[in-house]
Amino acid sequence: MRNSGGLLLTPPEKERFIPDPSFKLDAFRRKKIWGNLNPLVIEIGSGQGEEVEWAASRFKNLDFLALEVFPQGVAHTVRRLKARGIENAKILQADASRFFSSNLLPDSVFEVWSFFPDPWPKTKHHKRRLISEDFAPLVASALVRGGHWRIATDDADYALQIHEVLDAFPELENVGSIAVELPLTHFGKGNRDLQASAPKGKFFQAERFEDRTLTSFEKKGIEAGRRIYDFDYRKI
Ligand SMILES: C[S@@+](CC[C@H](N)C(=O)[O-])C[C@H]1O[C@@H](n2cnc3c(N)ncnc32)[C@H](O)[C@@H]1O
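Note that this is a predicted model, so its numbers are computed, not measured. (Residues numbered from 1 in each chain as written. Predicted model: local features only at pLDDT ≥ 70, side-chain atom pairs only at ≥ 80, totals over all residues. Heavy atoms only, no water.)

Looking now at the sheet that holds strand β5 (residues 89-93). Overall, mixed pairing links the seven strands, which are arranged β5-β4-β3-β6-β7-β11-β8 in an open sheet. Single-partner strands in this sheet number two, and they are β5 and β8 (172-174). Neighbour to neighbour, the strand axes of the sheet diverge by 20° on average, direction disregarded. In this structure, strand β6 (residues 109-115) lies alongside strand β7 (residues 143-153), joined through six bridges in parallel fashion. Among the inter-strand pairings, Val 112 is bridged to a residue of β7, identified as Trp 149. Of the strands in this sheet, β3 (40-44), β4 (63-68), β5 and β6 are in contact with helix α2 (residues 50-58), which crosses β4 at around 175°. On top of the sheet, helix α3 (residues 71-84) reaches β4 and β5; it is set at about 165° to β5, its chief contact. (Pairing = 2+ DSSP bridges. Helix = DSSP H or I, 4+ residues; strand = E, 2+ residues; numbered from the N terminus. Axes fitted to C-alpha atoms, helices over the stretch in contact; angles between N-to-C directions. Contact = heavy atoms within 4.5 Å.)

With that settled, consider α3. In a regular helix each residue adds 1.5 Å, so 14 residues correspond to 20 Å; α3 covers 20 Å between its end C-alpha atoms and thus fits that length. Packing partners of the buried residues in α3 comprise α2, β4 and β5. Within two residues after α3, Gly 85 carries a phi angle of roughly 65°, on the positive side. (Expected span 1.5 Å × (residues − 1).)

This paragraph deals with helix α1 (residues 27-34). Here α1 has its buried residues at Arg 30, Ile 33 and Trp 34. On an axial view of α1, the arc spanned by its buried residues comes to 75°, and they lie on one face. More than 90 degrees from the buried face of α1, the exposed residues found are Phe 28, Lys 31 and Lys 32. Just downstream of α1 lies Gly 35, where phi reads positive at about 80°. (Buried < 20%, exposed > 50% of the residue type's maximum accessible area, 1.4 Å probe, protein only. Arc of directions from axis to C-beta.)

With that settled, consider a positive patch on the surface. Taken together, the side chains of Lys 122, Lys 124, Lys 127, Arg 128 and Lys 189 define a basic patch exposed on the protein surface. Along the polypeptide, Lys 124 turns up in the loop between β6 and α5 (136-142). (Patch = residues over 30% accessible without salt bridge, like charges linked within 9 Å, V, L, I, M, F, W, Y side chains within 5 Å. Areas by Shrake-Rupley, 256 points an atom, 1.4 Å probe, with all protein chains shown as cover. Salt bridge = Lys/Arg side-chain N within 4 Å of Asp/Glu carboxyl O. Lys, Arg positive; Asp, Glu negative; His and termini not counted. Charge placed at Lys NZ, Arg CZ, Asp CG, Glu CD.)

Most often, soluble globular proteins keep nonpolar side chains buried together rather than apart. Counting 42 residues, the largest nonpolar core has Leu 25, Ile 42, Leu 65, Phe 100, Trp 149 and Leu 166 as its most contacted members. Broken down by element, this core gets its largest block of residues, seven residues, from helix α6 (residues 156-167). Membership of the second largest hydrophobic core comes to 20 residues, among which are Ala 55, Ile 86, Trp 113 and Ile 228. (Core = buried A, V, L, I, M, F, W, Y, C linked by side-chain atoms within 4.5 Å.)

Have a look at this one:
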């Protein structure tokens, strides 16, 4: 992964979504890319780059790495960061699950942000959701002790999945304190209308993260009447 003097990082091989597994984002690389060893925040699925622009322009004492697979989103984010002269945020076109499984050192990431990960609403696609039993240990390993994984979704079924996976995960602690009721059964796109009458369980979620800006994606969800669920998990 190279920083060719700009904001877009170049993975060290042809297949851009899958960075070379031998590459490690160690202190040497971080100094070369960001010019310092400030705490690193990784945003997964940065979309159009609204959040990374907002946060990086405010927190100059943090370094940001945005991971995004969608090429137009990557291009848009680079333009956005360039226009604002933001240099503490970089973007890499890479699949987050591959990147977390191979390219990060343990205890090296200050915070991980996953805001509105793709919900995959059809039941047969639920297994494609990023926040899963396979992905949680990778994030937990990458985080520094006390580091936070902040998540938001507007999909109640994904919210249930997040609780099922992360509340049970021993290395992470749910620091949310707002009691929320969610249906205890999973529903797909075809039978969502049954959600309202399903038995509910009580879970704890977080306040809206104050450094999460309102993206156009979230705005559309709110306009469509969807409720937003916020999560804050801390590495123990
Ligand atoms: C629903 S959008 C939300 C975008 C943005 N976070 C927001 O709030 O506006 C989800 C984004 O995650 C990206 N994405 C999905 N799977 C990904 C993965 N495995 N690694 C990196 N990005 C991913 C998608 O391309 C898309 O841009």
